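If you want the building blocks of each chain, they are given just below.
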Amino acid sequence: MSKLDEMATKVRKLQLRAAIAKMKLRDLAEDLPGKWTEIEEVAEEASAVFAELDGAERELAAMKKLR
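Residues numbered from 1 in each chain as written. Predicted model: local features only at pLDDT ≥ 70, side-chain atom pairs only at ≥ 80, totals over all residues. Heavy atoms only, no water.

Enquirer: Mind showing me how you'd approach the overall build of the protein here?
Expert: When helices and strands are tallied, the protein shows 2 helices and 0 strands. Projected onto its principal axes, the C-alpha positions of the protein cover 50 × 15 × 15 Å. For the protein, the computed accessible surface area is about 5200 Å², with 56% contributed by carbon and sulfur atoms. For the protein, the distance from the average site of its 13 positive side-chain charges to the average site of its 14 negative ones is 10 Å. (Helix = DSSP H or I, 4+ residues; strand = E, 2+ residues; numbered from the N terminus. Areas by Shrake-Rupley, 256 points an atom, 1.4 Å probe, with all protein chains shown as cover. Lys, Arg positive; Asp, Glu negative; His and termini not counted. Charge placed at Lys NZ, Arg CZ, Asp CG, Glu CD.)

Next comes the structure, spelled out in structure tokens:
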């Protein structure tokens, strides 16, 4: 498997993790105000996943340009 294929696979996995994180945020919002104590934890998790996804997508784009 080439580095480009590996990066594309990593991006797809991160996209799935990001979608799950987004669903957790939505579910939490529906449970407010009852679960307000979980806001910070869920938001930090979502932020970290989306930041990692953004970096991987940029790296993949750069790899495609060099190809």
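Moving on, there is more to tell.
Enquirer: So what exactly am I meant to see when it comes to the environment of T37 here?
Expert: For T37, the location among the structural elements is in the loop between helix 1 (3-30) and helix 2 (39-66). Through-space distance from the C-alpha of T37 to that of V49 is 20 Å; in sequence the pair is 12 residues apart.

Enquirer: Which parts of the structure should I look at to understand a negative patch on the surface?
Expert: A surface patch of like charges, here negative, comprises E38, E40, E41 and E44. Along the chain, E40 turns up in helix 2. (Patch = residues over 30% accessible without salt bridge, like charges linked within 9 Å, V, L, I, M, F, W, Y side chains within 5 Å. Salt bridge = Lys/Arg side-chain N within 4 Å of Asp/Glu carboxyl O.)

Enquirer: Could you clarify how one ought to interpret the packing of helix 1 against helix 2 in this entry?
Expert: In a pair of packed helices, the angle between the axes and the distance between the axes together describe the arrangement. One way to put it is that helix 1 packs onto helix 2 with a least axis distance of 9 Å and a crossing angle of 155°. Comparing the axis directions of helix 1 and helix 2 gives the class roughly antiparallel. Helix 2 is crossed by helix 1, and the crossing has left-handed handedness. Looking at the contact of helix 1 with helix 2 residue by residue, the class counts come to 19 nonpolar, 1 polar and 10 charged. (Axes fitted to C-alpha atoms, helices over the stretch in contact; angles between N-to-C directions. Parallel < 35°, antiparallel > 145°, perpendicular 65-115°, else oblique. Left-handed = near helix turned anticlockwise from the far one by under 90°. Nonpolar A, V, L, I, M, F, W, Y, C, P; charged D, E, K, R; others polar.)

Enquirer: How should the pattern of salt bridges be read in this particular structure?
Expert: Pairing is possible between side chains of opposite charge, provided their charged atoms come close. Going through the model one piece at a time under the given rule, you end up with 6 salt bridges. Of the charged contacts in the structure, one is a salt bridge between R26 and E30, with a shortest N-O distance of 3.8 Å. One end of the pair is R26 and the other is E30, both in helix 1 and 4 residues apart, which spans about a single turn. You can call R26 partly exposed: its relative accessible area is 46%. Its relative accessible area of 59% is what places E30 among the exposed residues. (Buried < 20%, exposed > 50% of the residue type's maximum accessible area, 1.4 Å probe, protein only.)

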